[in-house]
Structure formats: structure tokens, C-alpha cells
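The residues making up each chain are set out below.
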Amino acid sequence: QITVSGAIILRDNNGIKEICATQRGYGDFKGGWEIPGGKLEPGETPEQCIVREIREELATEVKAEKILGVVDYDYPTFHLTMHCILCTIVSGELELLEHEAAKWVNKETLHSVDWLSADKLILPEIEKLLISEGN
């Protein structure tokens with residue numbers, strides 16, 4: 001059982017909503033695309049975890065806005081519970097400290113990357129977010 005937080009980092013790029021997708025640079029799923037994040041530490045809330053993880057992995061300060069959904073997925077060797085948290089950037093430029101690559105995707109390009117299996121489960125919620133007006 002592994003419990004993680006994933007950051008759905010949202011930005012507005014000249015009126016087009018985008019989220020950040022990152023490509024894993026290590027481990028069994030190296031090369032797969034995911035929403036960035038990592039494991040909860042003891043006593044940490046999902047929101048505290050995502051702020052810390054994005055600082056450690058991308059040298060960026062984010063604000064955890066709300067939990068967009070919780071994904072449960074059985075990989076062959078472990079069960080993953082992922083708290084998917086909508087985040088906005090407070091400061092920083094998303095430096096890749098642990099990932100191979102990153103890209104901003106919008107509603108047209110959301111499915112252009114090879115998402116990891118668990119991450120695919122939150123894509124319908126992300127799609128709603130990317131097509132919603134206002135906010």
C-alpha cells in the first residue's frame with residue numbers, strides 16, 4: 001500500500017487552461033507520464049505533502065487549492081492511493097530535479113502523452129477542469 005499526493009498544477013496561458021505533466025526519470029515506470037508528486041510522510045496531510053513534493057521535485061512553491069479526486073489503483077506489486085490535488089503556482093519556474101521531461105498540456109493535448117495507468121483514472125476530472133469557463 002502506497003499513499004501519494006499528485007499535483008494538478010493549473011495555469012492560464014493566454015486564455016487556454018493547461019496542466020503540468022511530468023515524465024518519470026527513474027524506477028519501474030521510467031519514461032511514463034504522470035502528474036508530479038510523491039509519497040505522504042507520517043503525520044502529513046495530502047495538501048502538506050504536495051507542497052513539499054513540488055518544492056523538492058520542481059523547485060516551485062505551489063498552493064494546494066482543493067482535492068480534485070482520490071484514485072485507487074492496483075499495480076502488479078502494490079496498491080496505490082493517490083490524492084489528486086488542484087494546485088496553483090505561488091513562485092518558481094518548474095525546474096526538473098527528478099523528472100526526465102515536463103510539458104504543459106491543454107484539453108487538446110491532454111491525451112498526447114503516455115500517462116501511467118493510475119493517472120489515467122483522474123483524466124476525466126482534469127478534462128472537466130480544462131474545459132470549464134471562468135474560475
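Quick note: structure is the one above.
Residues numbered from 1 in each chain as written. Predicted model: local features only at pLDDT ≥ 70, side-chain atom pairs only at ≥ 80, totals over all residues. Heavy atoms only, no water.

**Student:** Can you lay out unusual backbone geometry for me, pointing to particular residues and giving the numbers?
**Tutor:** Apart from glycine, the bulk of residues carry a negative phi angle, and the bulk of peptide bonds sit in the trans form. Of note, the phi angle at Asn-14 is positive, near 55°, even though the residue is not glycine. Looking at Asn-14, the relative accessible area reads 76%, which means it is exposed. For Ala-59, which is not glycine, the phi torsion reads 50° and is therefore positive. Following the sequence through the fold, Ala-59 ends up in the loop between helix H1 (46–58) and strand S5 (61–74). (Buried < 20%, exposed > 50% of the residue type's maximum accessible area, 1.4 Å probe, protein only. Helix = DSSP H or I, 4+ residues; strand = E, 2+ residues; numbered from the N terminus.)

**Student:** Give me the lowdown on the packing of aromatic side chains, citing residues and values where you can.
**Tutor:** Two numbers describe a pair of aromatic rings. These are the distance of the centres and the angle of the planes. Going through the model one piece at a time under the given rule, you end up with four aromatic pairs. Aromatic side chains Phe-29 and Tyr-75 sit 4.8 Å apart centroid to centroid with 50° between the ring planes, which places their arrangement in the tilted category. Here Phe-29 is found in the loop between strand S2 (16–24) and strand S3 (33–34), whereas its partner Tyr-75 is found in the loop between S5 and strand S6 (79–91), with 46 residues between them in sequence. According to the relative accessible area criterion, Phe-29 is partly exposed, its value standing at 25%. Relative accessible area serves as the criterion here: at 10%, Tyr-75 is assigned to the buried category. Judged by centre distance (6.4 Å) and plane angle (75°), the rings of Phe-29 and Phe-78 are edge-to-face. Of this pair, Phe-29 sits in the loop between S2 and S3 while Phe-78 sits in the loop between S5 and S6, and the two are 49 residues apart along the sequence. Ring pairs connect the aromatic residues Phe-29, Tyr-73, Tyr-75 and Phe-78, which therefore count as one cluster. (Phe/Tyr/Trp six-rings, centres within 6.5 Å; stacked < 30°, edge-to-face > 60°.)

**Student:** Lay out the pattern of salt bridges with the relevant residues and their values.
**Tutor:** The full count for this structure, using the stated rule, is ten salt bridges. Residue Arg-24 pairs with Glu-34 through a salt bridge whose shortest N-O separation is 3.3 Å. You can see Arg-24 sitting in strand S2 and its partner Glu-34 sitting in strand S3, a full ten residues away along the chain. Using a relative accessible area of 16% as the deciding quantity, one classes Arg-24 as buried. Its relative accessible area of 9% is what places Glu-34 among the buried residues. Connected through shared salt-bridge partners, Glu-41, Glu-44, Arg-52, Glu-53 and Glu-56 make up one network. (Salt bridge = Lys/Arg side-chain N within 4 Å of Asp/Glu carboxyl O.)

**Student:** Describe the environment of Gly-69, naming the residues involved and giving the relevant values.
**Tutor:** If you trace the backbone, Gly-69 turns up in strand S5. Considered as a pair, Gly-69 and Arg-11 are 58 residues apart in the sequence and their alpha carbons are 19 Å apart.

**Student:** Requested: an account of H1, with residues and values cited.
**Tutor:** Relative to the 18 Å expected for 13 residues at 1.5 Å per residue, H1 spans 17 Å between its end C-alpha atoms, a close match to the ideal helical length. Listed in full, the buried residues belonging to H1 are Pro-46, Cys-49, Ile-50, Val-51, Arg-52, Glu-53, Ile-54, Glu-57 and Leu-58. Positioned one or two residues after H1, Ala-59 has a phi angle of 50°, which is positive. (Expected span 1.5 Å × (residues − 1).)

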